[in-house]
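The chain contents come next:
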Amino acid sequence: WTFFFSTIGPMASASPPSSSDDARFMLTALGYGDQPVDEILRNKKLTASFMTVLSEAGVTAADAAAGTSLPSKGQVDLLYLVASVYPKNALAHRSALVQLVMTGKIARQNQLDGGMKYLRGVGADSLDQVALEEASGVGVVVTREDIAAEVA
C-alpha cells in the first residue's frame, strides 16, 4: 500500500504507514465512516481487492489527500461492488468494467450486474467492448413513460 502514499509529500516523510493505515486513509477520503472502514479492513481479501480496483480506477493517495478528482459516492459504491463480487474467472477484463464506471457509462447497480454477468461468461477469452457495453445497458435510457407503457 505504500505506493498510495508515495506522492503525498510531507505526510509520507514522517514514517511509512502500515498497509492498514493506507487503506484506512483511502477509505476515509472516499467518504466511509469509521464503522464501515473497520468492517472492510477486517476482511483482508476485500481490502486488497478494493485497493486494487481503486488503483485501476485511477484513484490516488494524492487525490485523496487533496480531496480532488475523487469518484462520486455512486461510483465508489459501484467500485466496492466490483471489488466484492467481480467474477474471478474474468479478472483480465475487470479494468474495462471499472473504466465504464469511472466514465459514467455505468451508473446503476443493474448495469454493473449486467456487465459482470457478461464478463463471467467471457472469462479470460477476448473481450468485445461493444458487447460489454450492450450487456451493461450503456446508453439505454428508460423514461417514466416507458415504464408506464410497460406496466399498462
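Residue positions are counted from 1 within each chain, in the order its sequence is given. The predicted origin of the model limits local features to residues at a pLDDT of at least 70 and limits the giving and counting of side-chain atom pairs to 80 or more, whereas totals for whole chains, interfaces and linings rest on all residues. Each side-chain value is derived from all of the structure's non-hydrogen atoms; neither hydrogens nor water enter the calculation.

### Looking at the pattern of salt bridges
Two side chains of opposite charge can pair, provided their charged atoms sit close to one another. Any carboxyl oxygen of Asp or Glu within 4 Å of a side-chain nitrogen of Lys or Arg constitutes a salt bridge here. A complete count under the given rule lists four salt bridges for this structure. Here Asp77 makes a salt bridge to Lys73, at a shortest N to O gap of 3.0 Å. One end of the pair is Asp77 and the other is Lys73, both in helix H7 (residues 73–85) and four residues apart, which spans about a single turn. Numbered from the N terminus, helices here are DSSP runs of H or I no shorter than four residues, and strands are runs of E no shorter than two.

### A word on the confidence of the model for the chain
Per-chain confidence: the chain averages 84 in pLDDT, with 88% of residues scoring 70 or above. No element of the chain has a lower mean pLDDT than helix H2 (residues 10–13), which averages 33, and none a higher one than helix H8 (residues 94–102), which averages 96. The predictor attaches a confidence to each residue, called pLDDT, with possible values from 0 through 100. Any two residues having at least one pair of non-hydrogen atoms within 4.5 Å are treated as being in contact. Predicted confidence for residues 1–18 stays below pLDDT 50, and this span has 26 contacts to residues more than four positions away or in other chains.

### What to know about the nonpolar core
Core analysis: the biggest nonpolar cluster contains 34 residues, and Leu27, Tyr32, Phe50, Leu79, Leu97 and Leu112 have the highest contact counts within it. Every element with two or more residues in this core is listed here: helix H3 (19–29), helix H4 (34–42), helix H5 (44–56), helix H6 (61–66), H7, H8 and helix H9 (109–122). Not counting chain neighbours up to four residues away, the residues in contact with Tyr32 comprise Leu27, Val37, Ile40, Phe50, Val76 and Tyr80. Take the buried Ala, Val, Leu, Ile, Met, Phe, Trp, Tyr and Cys residues and link them wherever side-chain atoms come within 4.5 Å; each set so joined is a nonpolar core. Think of it in three bands: residues with accessible area under 20% of the maximum for their type are buried, residues over 50% are exposed, and the middle band is partly exposed, with areas taken using a 1.4 Å probe on protein chains only.

### Quick word on the side chain of His93
Secondary-structure assignment places His93 in the loop between H7 and H8. The buried category is assigned to His93, whose relative accessible area is 10%. Polar contacts, as counted here, are pairs of nitrogen or oxygen atoms within 3.5 Å of one another; within protein the pair requires one atom able to donate a hydrogen and one able to accept it, and residues that are adjacent in sequence qualify only if both atoms are side-chain atoms. A polar side-chain atom of His93 sits 2.6 Å from the main-chain carbonyl oxygen of Asp125. Each residue touching His93, except ones within four places of it in the same chain, is listed here: Tyr86, Leu119, Val122, Gly123, Ala124, Asp125, Ser126 and Leu127.

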